[in-house]
Amino acid sequence: MARRPLETHPLVLRRLDVLRVTEVTPRMRRVTLGGPEFAPFARDGLRQPGFRAPGFDDHVKAIFAGPDELEDVLPIQLAHGIEWVEAPARIARDYTPRRVDPAAGEIDLDFVLHGDGPAASWAAGAVPGDALWIVGPKSSLVLPERLDWIVLIGDETALPAIGRYLDERPTEARVRAVVLIEHPSARQELPLRAGDTLDWVVARPGDREALLAAARAALPPGDASAGFVWAAAESRALLPLRRFLGRERGIDKTRTSLTGYWHADAAADAAFPPVPSPAAWFAVRAALVSGLLDAVADRPGADPEALARGLGLPPASLAALLPTLAHHGLVLEDRGDGGWRIGPAGEALLADPHAREGYDGPEGETMHALGELAAGLRDGAPARAIVRGATLAAELGRDAERFAEHCADAEVLRFVLGGLIADPVWEEVASARFAGPGAAVLLGLLREAGWRGAAAASGTPAQRSVLLAAPEFRAEPASDGAAECVDADDAVDAEAIALELGACTDREAAERFAALRGRARRAIVVDRARPDALDPRAHEAQLLALAATGAGLRDARSLERLAAPAGWRLERVVGLGWGFEAVILAGAPLAPIAENK
């Protein structure tokens, strides 16, 4: 699956000071920030790089809290990342810098002044000398090399990104920009060039019809393979635009970037729509897996029989399913003609791919298994294996498509592996095998950092077929004369196991360490050791891991207990942030490795 390229950055917690405040329009206030921590700095003995945000739509996470709560809500700074701690009082919001001036050591953040939210309230009262703690940016969008045109679409919250794009011009492509504003007073002076167009559309916030109409008018006709569409607005307002670009115009996802900058209804946009009954969760899963919710969104007003025919389902099944979906706002019935259309909770779910995966993705499968959690606890077996007839590790070993899904989810590692990439262990690794869904990500980041060792994909034939198709595993000539690759069964300096053992039962993990004995000097295990406290559903992480493997999340000591019978000993632990750890284990010495192929 093609993925949109990103440039990742070290995650750094910074304290910046308010330097000045400017009224951009009656509806927007600009706060200029700077201070010693804009440049490279040291805190608590850790050296951190200077602030860098090269992308026009980069975002930083601003942290708001009262003076008495600040110490408790700030994340822990690691050498190469951050670890969020549980903090109910934390309020964090994402903002796109309108201007970044490295020479002056300044950034501008624009705040839309509406309502009495914490960010707008802070901005309304900000004065020079005030402090604001920020984290990020974590990554920057990389635009395609071949770009004849770009369409920029957004509401007032997107103005900083659109304005910065027009100021800095990361490409010479002609621009078609459309900005939806609630009032004419929100218009700003923006720099245009010959061939550019800019349309201001007055519409209520979150008006999806206006957003879609603007996109239809702005998008050039014909082939879009040399263009790019960027949009940012209210999350559910982007759903029709997302469908228009993908299904009607057939534009590849690598040529689009659509981001929900805000949520009109926090309750409806929760990661999982509130469902008081377990039956409702199963109804939502069935509606997604069967394609029903997508069909209702694509064909508003369709009657149940037409929906059933299109999906190849018995009409009686839909008649039983739709009332529960309607009760929870996922679909709405048109009492006039008996048709159905998507509801607010359904829109929120379809607009958020991460929330959707909680029902019909890998996480959804584990949630489904919770029905057998009691039996699993009694019998000492993973609930997921009871439901599916095989352990998760066994499924990933034989099903290439399922393994590829987990590889796609492993892209999150791009934001946390900095500490492991910088670890000196790689200076002693001339040859390595890479295993698990995160193998390609880890190898790719190592190559980017200059590691030139010999590499091989490890795993079952199905897993290796997926990994070897990834560009990271394409052999590259080594500048120092080292071998380009190694065979899967060769003895190597290290085996890097990225997000594999988190799918294993204790017995499977112990067998994995035993099988690795004598085949690698070190085992480098990357996995989640604890919940990510920034996730509002962090309290469920251990439960889902228990259902998946019967073991829960494993920290370094847990892995050491499983590896010790095979002769492995804990060498050190590298904290990566977001709950991830890299555990480096040393085994018995091998014979000298001199002739890897």
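Residue numbers restart at each chain and count upward from 1, following the sequence in its written direction. Note on the predicted model: pLDDT of at least 70 is required for a residue's local features to be given, and 80 or more for side-chain atom pairs to be given and counted; whole-chain, interface and lining totals, by contrast, use all residues. As a convention, hydrogens and water are excluded, and side-chain values are obtained from all of the structure's heavy atoms.

We now examine the pairing of strand β22 (residues 454-457). The buried label goes to any residue with under 20% of its type's maximum accessible area, the exposed label to any with over 50%, and the partly exposed label to all in between, with areas taken from a 1.4 Å probe on protein chains only. Helix and strand labels come from DSSP, where a helix needs a run of H or I of at least four residues and a strand needs a run of E of at least two; each type is numbered from the N terminus. Of the two faces of β22, the one carrying Ala 454 and Ala 456 and the one carrying Ala 455 and Ala 457 are both buried. Two strands are said to pair when DSSP picks up at least two bridges between them. With 4 bridges joining them, strand β21 (residues 431-435) and β22 adopt parallel strand pairing. Of the residues in β22, the one forming a bridge with Phe 434 is Ala 457. Viewed with both strands pointing away, a crossover whose connecting path from the first strand over the helix to the second turns clockwise is right-handed. Taking the sense of rotation as the criterion, the β-α-β connection linking β21, helix α18 (residues 439-448) and β22 turns out right-handed.

Stacked, edge-to-face and tilted labels apply to pairs of Phe, Tyr and Trp rings (six-membered ring for Trp) whose centres lie within 6.5 Å, assigned for plane angles under 30 degrees, over 60, and everything in between, in that order. Applying the stated criterion to the full structure yields 13 aromatic pairs. An aromatic cluster of at least three residues, connected via ring pairs, comprises Phe 56, Tyr 165, Trp 230 and Tyr 261.

A separate point is the sheet that holds strand β11 (residues 106-112). Pairing within the open sheet is antiparallel, and its 7 strands lie in the order β9-β6-β12-β2-β3-β11-β10. Sheet topology places β9 (91-95) and β10 (97-101) at the edges, where each strand pairs with a single neighbour. For this sheet, the mean inter-axis angle between neighbouring strands, taken without regard to orientation, is 35 degrees. Set on the sheet, helix α3 (residues 159-168) makes contact with β3 (28-34), β10 and β11; between it and β10 the angle comes to about 40 degrees. To get an axis, a line is fitted to the C-alpha atoms, and for a helix only the part in contact is used. The angle between two axes follows their N-to-C directions and goes from 0 to 180 degrees. In this description, contact between two residues means that some pair of their heavy atoms is separated by no more than 4.5 Å.

One side-chain nitrogen of Lys or Arg within 4 Å of one carboxyl oxygen of Asp or Glu is enough to make a salt bridge. Scanning all chains against the criterion turns up 46 salt bridges. Its salt-bridge partner being Arg 27, residue Glu 156 comes within 3.0 Å of it at the nearest N-O pair. Highlighted residues: Glu 156 in the loop between β14 (149-154) and α3 and Arg 27 in the loop between β2 (13-25) and β3, separated in sequence by 129 residues. The same class applies to Glu 156 and to Arg 27, which are both buried. Among the ionic contacts, a cluster of salt bridges with common partners joins Arg 243, Arg 247, Asp 294, Asp 298, Arg 356 and Asp 360.

Moving on, we get to the confidence of the model for the chain. Known as pLDDT, the predictor's confidence for each residue is given on a scale from 0 to 100. Overall, the predicted model of the chain reaches an average pLDDT of 86, with 92% of residues at or above 70. Counting interchain partners and residues more than four positions distant, the pLDDT-below-50 stretch residues 267-275 has 26 contacts. Across residues 477-484, where pLDDT falls below 50, the model places 15 contacts with residues more than four positions away in sequence or in other chains.

Below, the discussion takes up the packing of helix α16 (residues 400-409) against helix α19 (residues 461-468). With their axes 9 Å apart at the nearest point, α16 and α19 run at an angle of 50 degrees to one another. As the angle between them shows, α16 and α19 are arranged oblique. The handedness of the crossing between α16 and α19 comes out as right-handed. Contacts between α16 and α19 involve Ala 400, Phe 403, Ala 404 and Cys 407 on the former and, on the latter, Ala 462, Gln 463, Ser 465, Val 466 and Leu 467. When the residues that make up the contact of α16 with α19 are grouped by side-chain class, the tally is 7 nonpolar, 2 polar and no charged. Comment on the angle field: the value is read as roughly parallel under 35 degrees, roughly antiparallel over 145, roughly perpendicular from 65 to 115, and oblique elsewhere. Crossings are classed by handedness, with left-handed meaning an anticlockwise turn of the near helix from the far one by less than a right angle and right-handed meaning a clockwise turn. Each residue is assigned to one of three groups, with Ala, Val, Leu, Ile, Met, Phe, Trp, Tyr, Cys and Pro labelled nonpolar, Asp, Glu, Lys and Arg labelled charged, and all others, Gly among them, labelled polar.

Here we come to the pairing of β11. The two faces of the sheet receive side chains in turn, since in a regular strand these alternate between them. Of all 7 residues in β11, 7 are buried, a share of seventy percent or more. Side chains of β11 alternate between two faces, with Glu 106, Asp 108, Asp 110 and Val 112 and Ile 107, Leu 109 and Phe 111 buried alike. In the sheet, β3 pairs with β11 via 7 bridges, with the strands oriented antiparallel. What sits directly across from Met 28, in β11, is Val 112. The sheet contact formed by β10 and β11 spans 4 bridges and is antiparallel. Bridging across to β11, Asp 101 finds its partner in Glu 106. If you look at the hairpin formed by β10 and β11, you'll find 4 residues sitting between the two strands, and Gly 105 has a positive phi there, around 70 degrees.

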